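Report on the structure
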Amino acid sequence: NNGEDSTAVLAGFTITNGDDINGGGIQLYGSSPKLSYLKVTGNSSSNGNGGGIFCADYSNPVIEYCEISNNLAEQAGGGVALHNYANSIIRHTSISNNYTAVNNPKGGGGLLIDTSEPELLDVVIINNGSANYGGGVSIIDCENYDLTGITIVDNNGLSGGGLYINLSDNITVHDITISGNSAN
């Protein structure tokens, strides 16, 4: 929360059993550290967003070689929530078995992209769920965004089991795999 840049590095840890309104495991506001080789698991955001990781307000961290699993967000972004121009780089990372519990219009069991434009490379989003929208990925209120470089498999949600896009213009989706997802 103090404007950290990429010279601040958190690497090689397991972040578990955290609970906060936003960002049960890791919470970033206006900071852009490097998060490498982390296991972010078993965290929750009670009454908020980003069970595993929450990035907001121009936070642009590099998240690489991480396992983000078994996290719970009451509202949106069970695994990772990117909000308000959090243009992160997420690469070589798996987001699995995360969940959003409340019928929230933003959803995103695995990953919520809300008014942000992250760069994704070799990201696997698998077996996540949402009580509402976007079991795997939910994209809300974005413009001119290019979604590429991810695999979205075996997720489920009320609408958009794998991928849900709303309130967004000119979204390009290419070079991704979407398979085995389900929605009511």
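A few points on the structure. (Residues numbered from 1 in each chain as written. Predicted model: local features only at pLDDT ≥ 70, side-chain atom pairs only at ≥ 80, totals over all residues. Heavy atoms only, no water.)

The strand order across the open sheet formed by 6 strands is 6-10-13-16-20-24, and the pairing between neighbours is parallel. Edge positions in the sheet fall to strand 6 (44-45) and strand 24 (182-183), since each has one partner strand and no second. (Pairing = 2+ DSSP bridges. Helix = DSSP H or I, 4+ residues; strand = E, 2+ residues; numbered from the N terminus.)

Scanning the entire structure with this criterion turns up 3 salt bridges. Where Lys-34 meets Glu-64, a salt bridge forms, and the shortest distance between an N and an O atom there is 3.7 Å. Placement of Lys-34 in strand 4 (residues 34-36) and of Glu-64 in strand 8 (residues 62-64) is noted, with a sequence separation of 30 residues between them. The salt bridge partner of Arg-91 is Glu-64, with a shortest N-O separation of 2.9 Å. Placement of Arg-91 in strand 12 (residues 89-96) and of Glu-64 in strand 8 is noted, with a sequence separation of 27 residues between them. When its relative accessible area of 25% is taken as the criterion, Arg-91 is described as partly exposed. The class of Glu-64 is buried, set by a relative accessible area of 8%. (Salt bridge = Lys/Arg side-chain N within 4 Å of Asp/Glu carboxyl O. Buried < 20%, exposed > 50% of the residue type's maximum accessible area, 1.4 Å probe, protein only.)

So, on to the sheet that holds strand 21 (residues 163-166). Here we have 6 strands laid out as an open sheet, ordered 3-7-11-14-17-21, and parallel in their pairing. A single partner strand is all that each edge strand has here, and the edge strands are strand 3 (26-29) and strand 21. Neighbour-to-neighbour, the strand axes of the sheet open up by a mean angle of 5 degrees, direction not taken into account. Relative to strand 7 (residues 53-56), strand 3 is paired through 4 bridges, and the arrangement is parallel. Looking at the pairing, Leu-28 lines up with Cys-55 of strand 7. (Axes fitted to C-alpha atoms, helices over the stretch in contact; angles between N-to-C directions.)

Our focus in this paragraph is the packing of aromatic side chains. Enumeration over the complete set of coordinates arrives at 4 aromatic pairs. Judged by centre distance (4.4 Å) and plane angle (20 degrees), the ring pair of Tyr-133 and Tyr-164 falls under stacked. You can see Tyr-133 sitting in strand 16 (residues 129-133) and its partner Tyr-164 sitting in strand 21, a full 31 residues away along the chain. On the basis of relative accessibility, which here comes to 23%, the residue Tyr-133 falls in the partly exposed class. Classification of Tyr-164 as buried rests on a relative accessible area of 15%. (Phe/Tyr/Trp six-rings, centres within 6.5 Å; stacked < 30°, edge-to-face > 60°.)

Every regular strand shows the same layout, with side chains that alternate between the two sheet faces. With burial as the criterion, each face of strand 7 is covered, one bearing Ile-53 and Cys-55 and the other bearing Phe-54 and Ala-56. In the sheet, strand 7 pairs with strand 11 (residues 80-83) via 4 bridges, with the strands oriented parallel. When the sheet's bridge partners are listed, Phe-54 is paired in strand 11 with Ala-81.

Right, let's get into the nonpolar core. Of all hydrophobic cores here, the largest spans 29 residues; its most connected members are Ile-26, Ile-53, Ile-68, Leu-111, Leu-120, Val-137 and Ile-150. Counting only elements with at least two residues in this core, the list comes to strand 3, strand 7, strand 11, strand 12, strand 14 (111-114), strand 15 (119-126), strand 17 (137-140) and strand 19 (150-153). A per-element tally of this core places strand 15 first, with 3 residues. Listed in part, the 7 residues of the second largest apolar core include Ala-76, Ala-81, Ile-140 and Tyr-164. (Core = buried A, V, L, I, M, F, W, Y, C linked by side-chain atoms within 4.5 Å.)

Right, let's talk about the state of the cysteines for a bit. Tallied over the full model, the rule gives 0 disulfides. With no disulfide of its own, Cys-55 lies 11 Å from the sulfur of Cys-66, the closest cysteine sulfur. Owing to a relative accessible area of 0%, Cys-55 belongs among the buried residues under this scheme. You can see Cys-142 has no disulfide; the closest cysteine sulfur is in Cys-55, sitting 14 Å from it. (Disulfide = S-S within 2.5 Å.)

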